[in-house]
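Residues per chain are reported as follows:
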Amino acid sequence: LGAVAVLLLAGCGGGGQIGDSGGDVDAKKMVLIPGVTAEPFYISMECGFREAAQAAGYQVDVQAPSKFDSNQQIPIVSGVLANKPGAVLISPTDDTALAGPMKSLKDAGVKVVEVDTALVDTSVAVSSVSSDNEQGGALAARTLAELVGDKTGSVLVLNTKAGTSTTDARAKGFETELAKHPNLKYAGQQYTDNEPDQAASKVTATLAAYPDLIGVFATNLNTGEGAATGLRNAGKTGAVNLIGFDASPKQVEDLRGGVVQALIAQDPATIGKTGVEHAIAAIEGKEVQRTTETDLVALTKADMDSKSEYFYKQEC
Ligand code: T6T
């Protein structure tokens, strides 16, 4: 089929098989491949995805790895490729390892939309939708500096895995902003493999090495929940300022309870919904905005209840 026929089919609601470079794709089918299963950030994203895609008459499917691990996500991409949906929304768990598998989708005529994380190679996806993660990291550092005032001390960054575009950007933004606050001494970043247990033990070990530890920036949900455990185990909750990223039910409870001093919350449902809108535009041959940044907001105990729409969901 030529380009005109493709547009006509998609324009009347489709339902048919649309010819493209690598064979037929099922233009009314859309698949979401999150970074990991059963995790409130991705659950909230999935809610936005399902609602928007189903409202537009698309058949949807969600296939998530059980761990945030490219070795688990790559076979999922291969399986989805065999069914050739019209579009795939994906959160690549590694900014380079997923490039080949995602390019295979593109080459088969599947429209690829990055949601949350992204590849280094910007030629694969038609669109990327995420928070401005570098700004989010900077916001975390500014929030910490405000909480600490003119007190001095060391600050630790707990990161997930190198090669995760979002958390790498958060750590970079945090580090750059922290350098503007000479009373806060950077104690470096430590990777946790996105495992809460590792985050907990790295916090307790850092407390021993840096008795003046005044702040911890945990770059995502798992590192944040783990860091809270580490501070509890060391009897240091409240004494060390814990700034988390994300707003899972557990993180929100710890913010209310004073274990966490601030959370930088994202808007995952809007990431999912916007990803669907861009996927539909791409399927219909319309112009697609290449990058879109969704909201980020700092939550503290004092203002959290006025921003409760940012709390993540455990189910839709
Ligand atoms: O912080 C989110 C997401 O933005 C990041 O890319 C990976 O971790 C989370 O899913 C939270 O666990």
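A quick note: this is a predicted structure, and the numbers were derived from the prediction, not measured.

**Q** Sorry if this is basic, but what is going on with the overall build of the protein chain here?
**A** Secondary structure assignment for the protein chain yields 10 helices and 13 strands. Here the C-alpha atoms of the protein chain give a radius of gyration of 21 Å, agreeing with the 20 Å that 2.2 N^0.38 yields for 316 residues. If one aligns the C-alpha atoms of the protein chain with their principal axes, the spans along those axes are about 70 × 35 × 30 Å. Per-residue burial over the protein chain gives 56% buried out of 316 residues. Distance between charge centres in the protein chain, computed from 26 positive and 39 negative side chains, equals 1 Å.

**Q** Looking at this structure, I do not really get the site of the ligand. What am I missing?
**A** Taken together, the residues surrounding the ligand are E39, F41, Y42, D116, T117, T166, R170, N220, L221, D246 and Q266. A distance of 2.9 Å separates an oxygen atom of the ligand from a polar side-chain atom of N220. Interatomic distance of 3.0 Å between a side-chain N/O atom of Q266 and an oxygen atom of the ligand. Burial of the ligand by the protein amounts to 99% of the accessible area it has alone, namely 300 Å². Put simply, the parts of the chain that give the shell around the ligand at least two residues each are α2 (40–55) and α6 (165–178).

**Q** Any chance you could explain the state of the cysteines here in plain terms?
**A** Any covalent bond linking the sulfur atoms of two cysteines counts as a disulfide. As enumerated under the stated definition, the model contains 1 disulfide in all. Each sulfur of the disulfide joining C47 and C316 lies 2.1 Å from the other. Linking C47 and C316, the disulfide has an S-S dihedral of approximately -100° and is accordingly described as left-handed. Taken together, the residues span a long stretch of sequence, with C47 in helix α2 and C316 in the segment after β13 (297–300) at a distance of 269 residues.

**Q** When you look at α6 in this model, what are you seeing that I'm missing?
**A** Note on helix geometry: an α-helix contains 3.6 residues per turn, so any two residues three or four positions apart are oriented the same way. For α6, which comprises 14 residues, the first-to-last C-alpha distance of 20 Å matches the rise-based estimate of 20 Å (1.5 Å per residue) to within 8%. Considering only its buried residues, α6 is in contact with α5 (133–148), β7 (153–159), β8 (184–191), β9 (213–218) and β10 (241–245).

**Q** Could you clarify how one ought to interpret the packing of α5 against α6 in this entry?
**A** Each pair of packed helices gets described by two things: the angle between the helix axes and the distance between those axes. α6 packs onto α5 with a crossing angle of 40° between their chain directions and a minimal axis gap of 6 Å. Our classification of the angle between α5 and α6 gives oblique. Classified by chirality, the crossing of α6 by α5 is right-handed. Where α5 approaches α6, its residues N133, E134, G137, A138, A140, A141, R142 and L144 are matched on the opposing element by T166, A169, R170, K172, G173, F174, E177 and L178. Looking at the contact of α5 with α6, its residues break down into 7 nonpolar, 4 polar and 5 charged.

**Q** How should I be thinking about the pattern of salt bridges in this particular structure?
**A** Pairing of side chains with opposite charge becomes possible as their charged atoms draw close. Summed over all chains, the structure comprises 13 salt bridges. With a shortest N-O distance of 3.4 Å, K185 and D212 are connected by a salt bridge. Of this pair, K185 sits in strand β8 while D212 sits in the loop between α7 (196–209) and β9; the two residues are 27 residues apart in sequence, bridging distant segments of the chain. Look at D212 and you get partly exposed, because its relative accessible area is 34%. What you see here is one network of salt bridges that share partners, running through R142, E177 and K180.

**Q** Just to check I follow, could you spell out the sheet that holds β10 for this structure?
**A** Within a sheet, neighbouring strands are paired by backbone hydrogen bonds and run either parallel or antiparallel to one another. The strand order across the open sheet built from 6 strands is β8-β7-β9-β10-β11-β13, with neighbouring strands paired in mixed fashion. The open sheet has two free edges, formed respectively by β8 and β13, since each of these has just one partner strand. For this sheet the average axis-to-axis angle between neighbouring strands, irrespective of direction, equals 20°. Judged from the 3 bridges that link them, β10 and strand β11 (residues 262–265) form a sheet pairing that is parallel. Bridge pairing in β11 links I243 to A262. On the sheet, α7 packs against β7, β8 and β9 and is oriented at approximately 160° with respect to β7. Of the strands in this sheet, β7, β9 and β10 are in contact with helix α8 (residues 221–233), which crosses β10 at around 160°.

**Q** Can you help me understand the pairing of strand β12 (residues 291–294) in this one?
**A** In summary, the side chains of a regular strand alternate between the two faces of the sheet. Covered by surrounding structure in β12 are T292 and T294 only, the residues T291 and E293 on the alternate face being uncovered. Here 4 bridges tie strand β6 (residues 127–131) to β12, and the two strands are oriented parallel to one another. Each residue of the ladder has a partner; that of S131, found in β12, is T294.

What counts and what doesn't
- Residues numbered from 1 in each chain as written.
- Predicted model: local features only at pLDDT ≥ 70, side-chain atom pairs only at ≥ 80, totals over all residues.
- Heavy atoms only, no water.
- Helix = DSSP H or I, 4+ residues; strand = E, 2+ residues; numbered from the N terminus.
- Rg over C-alpha atoms; globule rule 2.2 N^0.38 Å.
- Buried < 20%, exposed > 50% of the residue type's maximum accessible area, 1.4 Å probe, protein only.
- Lys, Arg positive; Asp, Glu negative; His and termini not counted.
- Charge placed at Lys NZ, Arg CZ, Asp CG, Glu CD.
- Near = heavy atom within 4 Å.
- Polar contact = N/O pair within 3.5 Å; in protein donor to acceptor, adjacent residues only side chain to side chain.
- Areas by Shrake-Rupley, 256 points an atom, 1.4 Å probe, with all protein chains shown as cover.
- Disulfide = S-S within 2.5 Å.
- Expected span 1.5 Å × (residues − 1).
- Contact = heavy atoms within 4.5 Å.
- Axes fitted to C-alpha atoms, helices over the stretch in contact; angles between N-to-C directions.
- Parallel < 35°, antiparallel > 145°, perpendicular 65-115°, else oblique.
- Left-handed = near helix turned anticlockwise from the far one by under 90°.
- Nonpolar A, V, L, I, M, F, W, Y, C, P; charged D, E, K, R; others polar.
- Salt bridge = Lys/Arg side-chain N within 4 Å of Asp/Glu carboxyl O.
- Pairing = 2+ DSSP bridges.

Don't take any of this as a statement about function, it's just geometry.
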